[in-house]
Amino acid sequence: MLGPSGHSDSFTRDRLPPEAAQPAFLLDGFDYPDWLNIGVELTDRMVEKGFGDHVALIGNGRVRTYKELTDWSNRIAHALVEDYGVKPGNRVMIRSANNPAMVACWLAATKAGAVVVNTMPMLRAGELGQIVDKAEIGLALCDTRLMDEIEACERASRHLHRVVGFDGTANHEAELDRAALGKPVRFQAARTGRDDVALLGFTSGTTGEPKATMHFHRDLLIIADGYAREVLQVTPEDVFVGSPPLAFTFGLGGLAVFPLRFGAAAALLEQASPPNMIELIQKYRATVCFTAPTAYRVMLKAMDEGADLSSLRAAVSAGETLPAPVYEEWMQKTGKPMLDGIGATEMLHIFLTNRFDDHRPGCTGRPVTGYQARIVGPDMAELPRGEVGRLAVRGPTGCRYLADKRQGNYVKDGWNLTGDSFWQDDEGRFHFAARSDDMIISAGYNIAGPEVEAALLSHPAVLESAVIGVPDTERGQIVEAHVVLAPGHDPDPDMVKILQNHVKMTIAPYKYPRRIIFTDALPKTQTGKIQRFRLRT
């Protein structure tokens, strides 16, 4: 049963999936009052707790305290309500790279009671238009350096009627900044319910109509009070850094919600390349890093060349499965485990993970406290230990698509089906096999691409690899490996044979790549996730 709503615009609550189509929510231990506003909890409440002078955000040449962030977001919230007419429940889009101004706008819109839709700078007018139409967004806040595409979207849209620019640099020289400048630093936040939608996370699917996942104010606290508290053990002394965009729930959690919930600091980068992250880690002695395995491989090489990453106490890997060789090299060089985990936009954040005191190579670990996971077959019956099947999970967060018939594909019998194939060992740990649609079936054998990738990566000549299945008249599919070689190695037929033999000696011989294609770079998302679908096309 949902708690009370403070939304005068009931758009999102009216479009929740029917209760019978939603997953089971396991909320024991996550008790919040009926009325809750996540923006207030992460700023005003932290000042009340004595964190006013603590650093909250670092970025674009400025360091901002919790008191400064609270005042800044309150002024913007005044402007949103008084100058731009934002009502509780209205959808507000934010378009920006990772910078403190984006965080301030997100907090301000949330305090005003809006349902926020964060979007990435790389999206074009047509893609933005799909999001605007789906969520019926009337107002967009945009970094003035990124206005062209959103203005083109506005001209073509029947919903988007106002685009307001903010200054993503430290200058505060844009319309929204000027409107906010004369406003009071105190703001009476909208009285939102803990079960009011605070965030719409759009899934980054490769084709078709985007899906919007709906997350409540309480959900944003749950991921901090669960994963961040239990697994990361965040303290006010922590400094967070990472590559995922704040537009993704993985980035919003790891680079905004988690640090701000515990009085820690977030160091934000608009261009979060591995060299830029390394520089930031060294400059601010960052302690917690969120990025993908491909970036960690670059960091490992940089450590050989003298980079000092010793301040990191937690290296969180997600977005791509973590190859065992990367984990083992990180352990060898730092003495600290790399925390592999898996999350989903539908689940909001990480729900399966390794821990500081419980970790293994090639393993995704155990459920975060409050979550349950199992491996199931097509009939949803649990499979025996060791068998590969579909991962089913349930817990305090879960999938609620905005008015979308695909809800029934993701939720079955109260469980969330993440689209991943896993197996569970005898000790209860979960091991990733492949995305369910990435299993390669060759001559009747099921082959998990990530296992072949890990075997290739264990060879010193291989810098990066991505494995896909391609059609074959005799075998149905064959394993095709796309390989980036380390400097000093030649992409010739001899290297093909060397790598094929290495894989045969490392894992079952039938899994070896029958075709190897050498390339200078693999296609990746902005978060460093390899885009295997582009290799298939």
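For the structure, see preceding data.
Please read these numbers as outputs of a predicted model, since none were measured by experiment. (Residues numbered from 1 in each chain as written. Predicted model: local features only at pLDDT ≥ 70, side-chain atom pairs only at ≥ 80, totals over all residues. Heavy atoms only, no water.)

Enquirer: Explain the pairing of strand β1 (residues 55–59) to me, please; I cannot follow it from the model alone.
Expert: Every regular strand shows the same layout, with side chains that alternate between the two sheet faces. Burial runs high along β1: 4 of the 5 residues are buried. What sits between β1 and strand β2 (residues 62–65) in their antiparallel hairpin is a turn of 2 residues, with Asn60 showing a positive phi close to 50 degrees. Relative to strand β10 (residues 265–267), β1 runs parallel, the two being bridged by 2 bridges. Within β10, the position partnered with Leu57 by the bridge is Ala266. (Buried < 20%, exposed > 50% of the residue type's maximum accessible area, 1.4 Å probe, protein only. Helix = DSSP H or I, 4+ residues; strand = E, 2+ residues; numbered from the N terminus. Pairing = 2+ DSSP bridges.)

Enquirer: Before we go on, may I ask you to explain the pattern of salt bridges in this structure?
Expert: Two side chains that carry opposite charge are able to pair once their charged atoms sit near each other. Across all of its chains, the model carries 35 salt bridges by this definition. A salt bridge links Glu230 to Arg355, with the shortest nitrogen-to-oxygen separation between them at 3.0 Å. Separated by 125 residues along the polypeptide, Glu230 in helix α9 (residues 217–232) and Arg355 in the loop between β14 (350–353) and β15 (366–367) bring together distant segments of the chain. The exposure class of Glu230 is partly exposed, given its relative accessible area of 28%. Close ionic contact of Glu453 with Arg532 constitutes a salt bridge, the shortest N to O distance being 3.0 Å. Note that Glu453 is positioned in helix α15 (residues 449–457) and Arg532 in helix α17 (residues 532–536), a separation of 79 residues in sequence. In this structure, Glu453 and Arg532 share a single accessibility class: buried. (Salt bridge = Lys/Arg side-chain N within 4 Å of Asp/Glu carboxyl O.)

Enquirer: Got a minute to help me understand the sheet that holds β14 in this structure?
Expert: Hydrogen bonding along the main chain pairs the strands of a sheet, whether they run parallel or antiparallel. On the basis of which strands lie adjacent, the open sheet formed by 9 strands has the order β2-β1-β10-β9-β11-β12-β13-β14-β15 and mixed pairing. Each edge of the open sheet carries a strand with a single partner, namely β2 and β15. The pairing of strand β9 (residues 239–242) with β10 spans 2 bridges and is parallel. Bridging from a neighbouring strand, Val239 pairs with Ala265 of β10. Taken strand by strand, helix α11 (residues 274–284) contacts β1, β9, β10 and β11 (288–291), and its axis lies near 170 degrees from that of β9. (Contact = heavy atoms within 4.5 Å. Axes fitted to C-alpha atoms, helices over the stretch in contact; angles between N-to-C directions.)

Enquirer: What am I meant to see in the nonpolar core here?
Expert: Here is a general trend for soluble globular proteins: nonpolar side chains tend to be buried in one another's company. With 92 residues, the main nonpolar core has Leu80, Trp106, Leu141, Leu176, Leu232 and Phe258 as its most contacted residues. Those residues in contact with Leu141, other than ones at most four positions away along the chain, are Leu80, Val92, Met93, Ile94, Arg95, Cys105, Val164, Phe166 and Leu176. If you look at the next biggest cluster of nonpolar residues, it comprises 27 residues, including Ala295, Tyr296, Leu300 and Tyr327. (Core = buried A, V, L, I, M, F, W, Y, C linked by side-chain atoms within 4.5 Å.)

Enquirer: What's the story with the packing of aromatic side chains in this structure? I'm lost.
Expert: Given two aromatic rings, one states the distance between the centres and the angle between the planes to describe the pair. Summed over the entire model, instances satisfying the criterion amount to 9 aromatic pairs. Where Phe250 meets Phe290, the ring centres are 5.6 Å apart and the plane angle is 70 degrees; that geometry is what we call edge-to-face. Taken together, the positions of Phe250 in helix α10 (residues 249–261) and Phe290 in strand β11 put the pair 40 residues apart, joining distant regions of the chain. Each member of the pair, Phe250 as well as Phe290, carries the same accessibility label: buried. (Phe/Tyr/Trp six-rings, centres within 6.5 Å; stacked < 30°, edge-to-face > 60°.)

Enquirer: What am I meant to see in the packing of α11 against helix α12 (residues 293–304) here?
Expert: Packed helix pairs are specified by the crossing angle of their axes together with the interaxial distance, meaning the distance between the axes. Contact pair α11 / α12: the axes reach a minimum separation of 9 Å and the direction vectors enclose 60 degrees. The angle between α11 and α12 falls in the class oblique. Regarding α11 and α12, the two cross each other, and that crossing is right-handed. Residue-level inspection shows Pro274, Met277, Ile278 and Ile281 of α11 in contact with α12, the latter providing Ala295, Val298, Met299 and Ala302. (Parallel < 35°, antiparallel > 145°, perpendicular 65-115°, else oblique. Left-handed = near helix turned anticlockwise from the far one by under 90°.)

Enquirer: What exactly am I supposed to notice about the side chain of Ser317 here?
Expert: Inspection of the secondary structure assignment puts Ser317 in strand β12 (residues 314–317). With sequence-adjacent residues up to four places away left out, Ser317 is seen in contact with Thr291, Pro293, Tyr296, Leu322, Met338, Leu339, Asp340 and Gly341.

Enquirer: Would you mind going over α9 with me for this structure?
Expert: Note that an α-helix has 3.6 residues per turn; residues three or four places apart therefore point the same way. The first and last C-alpha atoms of α9 sit 21 Å apart over 16 residues, in line with the 22 Å expected at 1.5 Å per residue. With 14 of 16 residues buried, α9 is to be regarded as a mostly interior element. Positive phi appears at Gln233, one or two residues downstream of α9, with a value of about 55 degrees. (Expected span 1.5 Å × (residues − 1).)

Enquirer: Please clarify how unusual backbone geometry should be interpreted in this entry.
Expert: Comment: phi is negative for the bulk of residues other than glycine, and the bulk of peptide bonds are trans. With a phi angle near 55 degrees, His172 is a residue other than glycine that sits in the positive phi range. Tracing the backbone through its elements, the reader meets His172 in the loop between β6 (162–166) and α8 (175–181). We classify His172 as partly exposed; its relative accessible area is 29%. Positive phi is not limited to glycine here, since Leu348 has a value of about 85 degrees. When you line up the elements, Leu348 lands in the loop between β13 (338–343) and β14. Residue class for Leu348 comes out buried when judged on its relative accessible area of 1%.

Enquirer: What exactly am I supposed to notice about the sheet that holds strand β25 (residues 515–518) here?
Expert: Taken together, the 3 strands give an open sheet; going across it, the order is β23-β24-β25, and neighbouring strands pair in mixed fashion. Lying at the two open borders of the sheet, with one neighbouring strand each, are β23 (462–472) and β25. This sheet shows a mean twist of 25 degrees between the axes of neighbouring strands, independent of strand direction. The pairing of β23 with strand β24 (residues 476–485) spans 10 bridges and is antiparallel.

Enquirer: Is there a simple way to explain the packing of α15 against helix α16 (residues 493–506) in this structure?
Expert: Axis separation between α15 and α16 bottoms out at 9 Å; the angle between their running directions is 115 degrees. Regarding the angle of α15 to α16, the classification is roughly perpendicular. The handedness of the crossing between α15 and α16 comes out as right-handed. Where α15 abuts α16, its residues Val452, Ala455 and Leu456 lie against Leu499, His502, Val503 and Thr506. By residue class, the composition of the contact of α15 with α16 is 5 nonpolar, 2 polar and no charged. (Nonpolar A, V, L, I, M, F, W, Y, C, P; charged D, E, K, R; others polar.)

Enquirer: I keep staring at the side chain of Asn98 and nothing clicks. Help me out?
Expert: Relative to the elements of secondary structure, Asn98 occurs in the loop between β3 (91–95) and α5 (100–111). From its side chain, Asn98 meets the backbone oxygen of Pro244 in a polar contact 3.0 Å long. Only 2.8 Å separates the side chain of Asn98 from the backbone nitrogen of Leu246, close enough to count as a polar contact. If sequence neighbours within four positions are ignored, Asn98 has contacts with Pro244, Pro245, Leu246, Leu255, Leu268, Leu269 and Glu270. (Polar contact = N/O pair within 3.5 Å; in protein donor to acceptor, adjacent residues only side chain to side chain.)

Enquirer: Got a minute to help me understand the environment of Pro491 in this structure?
Expert: Counting through the fold element by element, Pro491 comes out in the loop between β24 and α16. The exposed category is assigned to Pro491, whose relative accessible area is 55%. With 154 residues separating them along the chain, Pro491 and Pro337 place their C-alpha atoms 33 Å apart. Residue contacts for Pro491: discarding those within four places in its chain leaves Leu485 and Phe518.

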